[in-house]
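Letter by letter, the chains look like this.
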Amino acid sequence: MLKFIRPILSLLLLLLAFVACKTQKQASHTAAPPAAAPRDSTIQALPDTIRVAGPADTAVVDTVPVIPQKDSLVITGVGDIMLGTNFPETYYLPPNEGKDMLAGVAHVFAGADVVFGNLEGVILDSAGTQKKCRNPKACYLFRSPSYMANRLHEAGFNLLSVANNHAGDFGPEGRAHTAKMLDSLGIHYAGNLQQPFIVFAQEGIKYGFAAFSPNKGTPQITDIARATATVAHLDSLCDVVIVSFHGGAEGSKYTSVPRAPEYFYGEDRGDVYHFAHAMVDAGADIIFGHGPHVPRAIEVYQGRFIAYSLGNFATYGRFNLRGVNGLAPIARIVVSNRGEFLTGRIISARQVGWGVPEIDPENAAARLIEELSKKDLPESVISIDESGIISYLHP
Ligand SMILES: [Zn+2]
């Protein structure tokens with residue numbers, strides 16, 4: 001008899017651990033007490049069963065595997081990445097197969113659980129179906145050779161967004177080869193119609209990730225109802241949900257978060273403020289925005305971190321890097337194992353030469369983000385010091 005009860009008890013204890021974990025997470029999001037378990041649930045059946053088992057209790061506990069779980073996680077995020085393009089010609093590729101591109105900043109990613117960036121282009125060695133340009137003289141299409149995916153992997157990137165205006169530059173061939181390369185290196189990604197979101201587990205933590213933009217072939221930043229449903233689904237499955245968006249107007253005149261829809265070249269680029277808040281309300285824990293090519297404000301809303309734009313990070317050869325366009329903030333955020341913001345830092349890098357990020361001893365990116373955050377989001381519950389350290393002012 002005992003022989004049969006033991007496996008059943010083990011299973012019940014495992015179920016209890018799982019249900020308890022999810023209940024705890026939901027409670028933290030809503031700040032409400034955990035909901036009582038339904039009367040006929042597995043949880044209530046458990047004490048009875050244990051009592052019947054009597055002396056076998058200790059043995060049963062021994063058989064339950066202990067799943068180690070970290071108390072806190074380090075999540076880093078950067079903006080646009082385009083390490084060099086072989087289109088229209090190899091002239092736009094960096095020397096040494098890009099091996100020096102991230103050498104000055106990769107140490108910042110050491111020890112991070114998640115290293116995120118926006119892949120602003122396609123990984124493809126040649127050919128592909130070129131996107132048609134309205135003005136062929138100002139046609140910017142980005143096609144990075146396969147080895148550039150290795151450069152991202154070597155630097156520590158393990159999560160990328162492919163929801164942007166360049167992921168479709170070389171048609172289905174570009175998307176397919178990008179996916180193949182990232183899959184081969186174990187780099188998680190999402191943000192196209194084939195893979196709008198992804199769930200992955202790492203060291204006992206389950207992560208969900210979804211990426212949005214106003215661009216064709218990507219989950220839409222303007223469809224808040226659908227995005228909310230995606231994020232709520234991820235929240236029901238995962239401990240930590242990360243959302244990326246590529247949205248807002250572009251350039252040095254657009255460093256502010258307007259709290260309204262933004263139109264640029266006649267295109268609805270989304271209402272990034274209301275989008276980000278809706279995603280947190282739906283269960284997102286960390287929001288990494290990009291797209292304007294310049295930094296924007298950050299905030300902590302409902303205990304969750306939002307960066308409205310992380311600007312350009314490593315954009316080689318084809319990008320305007322003048323002034324604030326050359327600032328490359330790196331958000332290094334520490335969250336609880338349920339995604340609640342604990343502390344963080346905006347590490348300031350700056351792109352030099354043709355677009356190589358280097359640590360900026362003057363902390364220009366952090367100073368700008370501090371100024372913008374105070375101006376645009378004065379109600380936020382954080383303070384940012386000169387070196388970029390973000391302190392949470394608990395309400
Ligand atoms: Zn873009």
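Overview of the structure.

1. Some details on the overall build of the protein chain
Item 1. Broken down by element type, the protein chain carries 8 helices and 20 strands.
Item 2. For the protein chain, the proportion of its 395 residues judged to be buried stands at 46%.
Item 3. Expressed as a percentage of contacts within the protein chain between residues at least 6 apart in sequence, the contacts between residues at least 24 apart total 68%.

2. As for helix α5 (residues 171-185)
Item 1. The first and last C-alpha atoms of α5 sit 22 Å apart over 15 residues, in line with the 21 Å expected at 1.5 Å per residue.
Item 2. Among the residues of α5, Gly-174, Arg-175, His-177, Thr-178, Met-181 and Leu-182 are the ones counted as buried.
Item 3. Looking at the packing, one finds that the buried side of α5 touches β3 (122-123), β4 (143-144), α4 (147-155), β5 (159-161) and β6 (188-190).
Item 4. Just past α5, the residue Gly-186 takes up positive phi, approximately 75 degrees.

3. Notes on the pairing of strand β16 (residues 327-336)
Item 1. For β16, the tally of buried residues reaches 8 of 10 residues, placing the bulk of the element in the interior.
Item 2. Across 6 bridges, strand β1 (residues 72-82) lies against β16 in antiparallel orientation. Directly across from Thr-76, in β16, lies its bridge partner Arg-332.
Item 3. The antiparallel hairpin formed by β16 and strand β17 (residues 341-352) contains 4 residues in its connecting segment, where Gly-339 sits at a positive phi of about 90 degrees.

4. Thoughts on unusual backbone geometry
Item 1. At the junction of Phe-87 and Pro-88, the peptide bond is cis and its omega measures out at 0 degrees in the coordinates.
Item 2. Position of Pro-88 relative to the elements: it lies in the loop between β1 and β2 (114-119).
Item 3. Here Tyr-265, not a glycine, exhibits a phi torsion of approximately 50 degrees, which is positive.
Item 4. One can find Tyr-265 in the loop between β10 (263-264) and β11 (267-268).

5. So, the nonpolar core
Generally speaking, a soluble globular protein has its nonpolar side chains buried in company with each other.
Item 1. Ranked by internal contacts, the top residues of the largest apolar core, which has 91 residues, are Val-231, Ile-242, Val-243, Met-279, Ile-287 and Ile-369.
Item 2. Beyond its immediate stretch of four places on either side in the chain, Ile-369 contacts Pro-295, Ala-297, Ile-298, Pro-329, Ile-346 and Ile-384.

6. Quick look at the sheet that holds strand β12 (residues 286-290)
Item 1. Strand order in the open sheet formed by 6 strands is β7-β8-β9-β12-β14-β13, and the pairing between neighbours is mixed. Whereas interior strands pair on both sides, the edge strands pair on one side only; in this sheet they are β7 (197-202) and β13 (298-301). The mean inter-strand angle of the sheet, taken between neighbouring strand axes irrespective of direction, is 15 degrees.
Item 2. Where β12 lies against strand β14 (residues 304-307), 3 bridges are found, and the strand directions are parallel. Within the sheet, the bridge partner assigned to Ile-287 lies in β14 and is Ile-306.
Item 3. Most of the contacts of helix α6 (residues 224-237) go to strand β8 (residues 205-212), to which it runs at about 170 degrees, and overall it touches β7, β8 and β9 (240-246).

7. Observations concerning the packing of α6 against helix α7 (residues 272-282)
A pair of packed helices is captured by two measures, namely the crossing angle of their axes and the spacing between those axes.
Item 1. One can describe the packing of α6 onto α7 by two numbers: an axis separation of 8 Å at closest approach and a directional angle of 35 degrees. With respect to the hand of their crossing, α6 and α7 are arranged in right-handed fashion. Between α6, through Ile-224, Ala-227, Thr-228, Val-231, Ala-232 and Asp-235, and α7, the contact on the second element is made entirely by Phe-275, Ala-278, Met-279 and Ala-282.

So, how was this worked out
Residues numbered from 1 in each chain as written. Predicted model: local features only at pLDDT ≥ 70, side-chain atom pairs only at ≥ 80, totals over all residues. Helix = DSSP H or I, 4+ residues; strand = E, 2+ residues; numbered from the N terminus. Buried ≥ 20, exposed ≤ 12 C-beta atoms within 10 Å, placed from the backbone. Contact = placed C-beta atoms within 7 Å. Expected span 1.5 Å × (residues − 1). Pairing = 2+ DSSP bridges. Core = buried A, V, L, I, M, F, W, Y, C linked by C-beta atoms within 7 Å. Axes fitted to C-alpha atoms, helices over the stretch in contact; angles between N-to-C directions. Left-handed = near helix turned anticlockwise from the far one by under 90°.

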